Structure formats: structure tokens, C-alpha cells
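# Observations on chain architecture
Listed here are the chains, written in short residue letters.
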Amino acid sequence: MTFTPGPLPREKRMWPRWAFPFSIALGTALIGVAVGLIVAAAWRGTGMFLLTLAGTLLAGTIGWVYMTVGQRYRLRRGGFDGKMLIAELLSAGALFVIFRTDEQLAATIGCAFIGVGMLANARMIRIARADRPAGSGPG
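What counts and how
- Residues numbered from 1 in each chain as written.
- Predicted model: local features only at pLDDT ≥ 70, side-chain atom pairs only at ≥ 80, totals over all residues.
- Heavy atoms only, no water.
- Phe/Tyr/Trp six-rings, centres within 6.5 Å; stacked < 30°, edge-to-face > 60°.
- Buried < 20%, exposed > 50% of the residue type's maximum accessible area, 1.4 Å probe, protein only.
- Helix = DSSP H or I, 4+ residues; strand = E, 2+ residues; numbered from the N terminus.
- Patch = residues over 30% accessible without salt bridge, like charges linked within 9 Å, V, L, I, M, F, W, Y side chains within 5 Å.
- Areas by Shrake-Rupley, 256 points an atom, 1.4 Å probe, with all protein chains shown as cover.
- Salt bridge = Lys/Arg side-chain N within 4 Å of Asp/Glu carboxyl O.

## Some thoughts on the packing of aromatic side chains
Summed over the entire model, instances satisfying the criterion amount to two aromatic pairs. Aromatic side chains tryptophan 18 and phenylalanine 22 sit 5.8 Å apart centroid to centroid with 85° between the ring planes, which places their arrangement in the edge-to-face category. The exposure class assigned to tryptophan 18 is exposed, which follows from its relative accessible area of 55%. Relative accessible area serves as the criterion here: at 44%, phenylalanine 22 is assigned to the partly exposed category. Measuring from ring centre to ring centre gives 5.8 Å for tyrosine 66 and phenylalanine 113, while their planes differ by 85°; the resulting arrangement is edge-to-face. Placement of the pair is tyrosine 66 in helix H2 (residues 46–77) and phenylalanine 113 in helix H4 (residues 103–130), with a sequence separation of 47 residues. When its relative accessible area of 15% is taken as the criterion, tyrosine 66 is described as buried. Accessibility expressed as a relative area gives 26% for phenylalanine 113, which makes it partly exposed.

## A look at a nonpolar patch on the surface
A surface patch of nonpolar side chains, about 390 Å² in accessible area, is lined by Val35, Val39 and Trp43. With respect to the secondary-structure elements, valine 35 resides in helix H1 (residues 19–42).

Structure, rendered in C-alpha cells:
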């Protein structure tokens, strides 16, 4: 799995029209919830606040990377990367372990992971639509 910058091939299997605004709306809402939960963690002590903040920033970064690298792979090769799937399953397992330890921390990390991933998805939709010829379908 290597990340190669550059133009993406034209998307033949286009997203529905609602996919871009849905990704933006859901991503923004989930990030808002994550910020609220980070603020709520401040009431649980400085250590929990810093742990929640760090975990949220890390989860957001991982969500962005997973979505961006995964979408680029799918658009270039027409399938899903097995290594990326394994990494995502390991991340889900880690989130489950965190959930068993602290539910609020897990909710914050999950919202950041999915929220930032949805914004990355919106970006990839925009890129794929821009790379296809005008009038080639919905979107």
C-alpha cells in the first residue's frame, strides 16, 4: 500500500448526488459532537482531558488517512486494499477495547474518526467528480 499523489482516474461508478452534502453534514456534526465531548472531558480532570484530546486528534488523523488512501486505491484499482481492511479492523478492535475501558473516551474517538473520515470522503468525491468529463452522469 503506497500513497502516490497525482490525478485520479475518472470515476465510472459515481456517487449519488446526495453523497457529497451528506458527507459534509455528517462529518461536521460528528466533529461538533467530538469537540463537545472533549470539553466535557475537562470536567473529569486534566489527565482525562489531555488523553481525550490526544486520542481525538490521533483518531481524526487516522480517519483521514484511511479514507484518503482507501479511496485512492479503490479509484485506481477498482477494488479494496486487503491491508487497509486489516488496519481498519484492528482500529475497530482498539476502539472496542477503549469502549470497555471508558465509554465517553470511546465515543469521542469514534466521532472524530468517522467525522474526519466523512470530510475526507467528501473531498475524494469532489476530486473524482472534477476528474471526470462534464455531462457524464449524476453529481
